[in-house]
Each structure stands twice: as C-alpha cells, then as structure tokens.
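This is what each chain is made of:
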Amino acid sequence: MIISNTKEERQKAIDELYSFVKKDIKGTLEAMDGFPVTIRTLDPPLHEFVPNKKEAREELAKSLNISMDEFCKRADLLHENNPMMGHRGVRLGITYPEVTEMQVRAIFDAAAELLKAGKKPFPEIMIPVTCVETELAHQYAIVNKVYSEALKKHNLKAIPHLTGTMIEIPRAALNADKMAQYAQFFSFGTNDLTQMTFGFSRDDIGGFLPDYLTQKILPVDPFQVIDRNSVGELMKIACERGRQTRKDIKLGICGEHGGEPNSVEFCHSLGMAYVSCSPFRVPIARLAAAQAAIKTEKAAKEKKGNPIKNANKMEKATPKKKVVAKKAAPKKATAKKATAVKAKATTKKATAKKVVKKVVAKKAAAPKKAAAKKVVAKKVVAKKAAAPKKAAAKKVVAKKVVKKAAPKKAAAKKVVAKKVVKKAAPKKAAAKKVVAKKVVKKAAPKKAAAKKVVAKKVAPKKKAVKKVVAPAAPVAANRK
C-alpha cells in the first residue's frame, strides 16, 4: 500500500490488508466488551514503514513485481526532512481517502459482527494531527458514508460509536470551538502539542535538553511534565471553547504525560474523563487520578466549611456584636449629657445659642406671660456667663437703641413680628423689644458688628440700664 505508485495498486493492497485490520479491531473490542475503545486512524509518516535492510527490500520488491531500483526510487520519494510535521495523520487520509475508508469499514464491520453476537462494542474513531475544521469535514464525509453502508450490509438500525479528533497542534487548540462542530470528543496529544509549542524536536532533544535542566534553564523536562504556562494553557483554552460548542464533549489525554502524577492532576482539574498512556504507566496513572480526585474533594469540603464549626463561630461572634452595641449606646447618652452640662457652664456662644433655642422651643406652649419672663431670664443668664453684667447691660442697651434708630431692616421686622404674635401678653413694649433683640443677637454670629455698635452707643441712658438689669436678681435666685 505504501509503495504503490497508482490507485489501482494501492486499492489492491488495501483489500488484502482489510481482513487483518478487522481481525485486530474485533479482538480488541471483544476483549473490552462494554467499554469504549479509541481507535486512531493511520498516523505515522509512511516512510517509517519502509524497511531499511536490503534483504527486506528485495522481498517486498519481488511481491510488488517491481525491480529493486524502482522500489528504492519510490522509497526515497517518501523520505522527509521533518517527518513529524510532514505527510502524516489526517493528511494521509486526505491524500489517500481509500486508506481512511478501509480502516473505518474494518471498525464498523467488526462492531456489527459483535453486536449480532450479543456483545456491547463501543468504538471511538479518532482522526489525528488535525489543525482545521475542514479536515474533519472531509474525513467525516467518509465515515458517514461507510457507516450507512455497514448498517445496510448487516441489517442494523445503529452501531454505537463516537467520532473525534486529537488536539496536538496549537491552532487546533485555539480553534477548538470550530473543531467541536464535528468532533464528539477531544484527545489531547501532549507529545506533539509540546513539540510544536516549544519548537523542540522530541527525537533530537538529547543534544541540548540535559544542559537546560542542569543550568536550570527549564525546571523539568517538558516532555515528561506538562508545562502549565504554555501547553497547559492551550489545553485549558481548548476545553473551554470545545464545551461552548458541544456541552457534552468528551475530553481526555493521550501521551506519556498521562502517566505522570503532576500532569494527571492538571488534566483532572480541567475536567478530563480519561487517560491514554503506555501499558506500564497505567497503574501510576490510575493512582494519580485517584489522588487528584481525593484532593479535589477535600479542597471542596474545606472551601464549603464544616457546618458545625461555622455554627460555633457564629455563636461566638453574635455576643460580641451585642456587647459592642450595648456599650456604644451609653457612651452616646453620656456624651450628650456631658455636652448639655458643659453647655450651661462654658462660655462658648455656640453652646449658649443651642441652649437658648431649646429652652424657647420647650416653653412655647406655656402661658405667654411666664414664657416671656423665662426667655428674658435665660438670655440674661447666658450673658452673665459670657461676660460681666455691666458689659452685658451695655450690649443690650446698644441693641435697643440701634433698633429704634433703624427700624427698616427686613430681618428685624420678621423677628419682631413673630415675637409679638407669640408674646401677646400685656407686657411693657420695652420688655418685648428686649426679648426680640436678644433672639436676633443670637442668630447673628458676627462679633465685629456688635463691638462697633457698642462703641458708637457708649453713652446709654441710666434708666434703660436699670430696667434691663432689674430682672437679673430673680433669675439668679431661680437658678440656685
């Protein structure tokens, strides 16, 4: 088949090869009865199947009825400088579709015969070395054609199977969403994916990789342990994008990394369902997979937390919050009381204003006559605390005189009007004005204006002074 020069020669060789391929596949499916078996279509470069020894070449040339020179000529044409990135995998199936057809027919025929025998075969056909979805479309057309023919041939309604691909080229990983339009499963070929990501020839790393490891250029051999920052990231992207297109896509790893514990743990974290590796690595892979599953379950429980411990934590935390709240309340109340006491004792005008306003508001509902007296008393007391009585008297007189001289101010009018309505008791006009002036003075915080007025009105009338100072005696008595 490999050395054939024409399609006729190749088809003849394929027909002879078919029975051998079907026998091997049927034996494998039967041995794995009830379990899925992944069967990869032809992958290696063709030149790798050509014998190098002279005796073997002579025997093969004789069977093909060609001369030794012709055989060597055809064999040389198959030689490639970089075969791992050359004519292999799906490229063979596109160049020689009859090769893919023969392999798929052997798979379906073997499965059909086992189904009739009461077995439960489940083949999974895997197309290798794909990089673009159109390659899969080409090969899937062949698979579907042969499948229909197999159903008709064996008189069956269905042959359980899956068709997928290997993700071993960076482009395929980055375009996994498109690849998943055809592929029902991904098998990550980490050997080739590492080779193409690093640009290292796996067959030629012996000349430099030991130095890389000795000098710590690389921490580990990337062909032994998956490099999570590059190869691992590509795998992660492929898993995410593949699931976006096909939610139930089956994911697994195929390569020597499948038997390395650290790599198996990483694949488990990506949600992969199976590992494919060399037979001697299977026990290690199973142990690593079990350890990864236990580790993940333990981490999930720790993240969720123990309900009993969490309840105890809540019980301990709850009293603390209550105690803080109780302690905070009295502090605020004490602070308010202290402020009130200080407001009466200190000489700050701002504090005096608040006290005066509160007293006036509380006593607004009391009898008009009594309210007027108390307000006047409070005003005078505040003045006494802030400055000597004589100075207070002077300021009051000054205010009184100013109001008489300039009654046109809008603010003064509004205040006087409001006060007259409230203080409707038959009090003396002078007393009403004094009360009104006191309130106005409290609302105006400008000291400079008050000082100027006092300076201008230094010569007050003695009679006015006596009238204002007179109520100071009963106020002092009441305060005691």
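Above: the structure in question.
In this text, all values refer to a predicted model and were calculated from it rather than measured experimentally.

> So what about the side chain of Asn191? Which residues, and what values?
With respect to the helices and strands, the residue Asn191 is situated in helix 9 (residues 190–198). On the accessibility criterion, Asn191 (15% relative accessible area) is buried. Every residue in contact with Asn191, bar those within four places of it in the chain, is listed here: Arg202, Phe223, Gly255, Glu256 and His257.

> Explain the pattern of salt bridges residue by residue, including any values.
Where side chains of opposite charge bring their charged atoms close, a pairing between them can arise. Summed over all chains, the structure comprises 17 salt bridges. For Lys145, the salt bridge goes to Glu101, with nearest N and O atoms at 3.5 Å. Pair noted here: Lys145 is in helix 6 (residues 133–154) and Glu101 is in helix 5 (residues 97–116), with a separation of 44 residues, a long-range link. Look at Lys145 and you get partly exposed, because its relative accessible area is 41%. Look at Glu101 and you get partly exposed, because its relative accessible area is 25%. Linking Lys301 and Glu297 is a salt bridge whose minimum nitrogen-to-oxygen distance equals 3.9 Å. With Lys301 and Glu297 both in helix 13 (residues 282–304) and four residues apart, this pair spans about one turn of that helix. According to the relative accessible area criterion, Lys301 is exposed, its value standing at 56%. Look at the salt bridges and you will find they share partners, linking Arg40, Asp43, Arg88 and Asp192 into a network.

> Explain the nonpolar core to me, and be specific about the residues and the numbers.
Within the largest apolar cluster, 61 residues are counted, with the highest numbers of intra-cluster contacts made by Phe108, Ile159, Phe186, Phe188, Met235 and Met272. For this core, the element with the highest residue contribution is helix 5, accounting for ten residues. With near-sequence residues (within four places) excluded, Phe108 lies in contact with Ile125, Val143, Val146, Tyr147, Ala150, Ile159 and His161.

Each value, and the rule that gives it
- Residues numbered from 1 in each chain as written.
- Predicted model: local features only at pLDDT ≥ 70, side-chain atom pairs only at ≥ 80, totals over all residues.
- Heavy atoms only, no water.
- Helix = DSSP H or I, 4+ residues; strand = E, 2+ residues; numbered from the N terminus.
- Buried < 20%, exposed > 50% of the residue type's maximum accessible area, 1.4 Å probe, protein only.
- Contact = heavy atoms within 4.5 Å.
- Salt bridge = Lys/Arg side-chain N within 4 Å of Asp/Glu carboxyl O.
- Core = buried A, V, L, I, M, F, W, Y, C linked by side-chain atoms within 4.5 Å.

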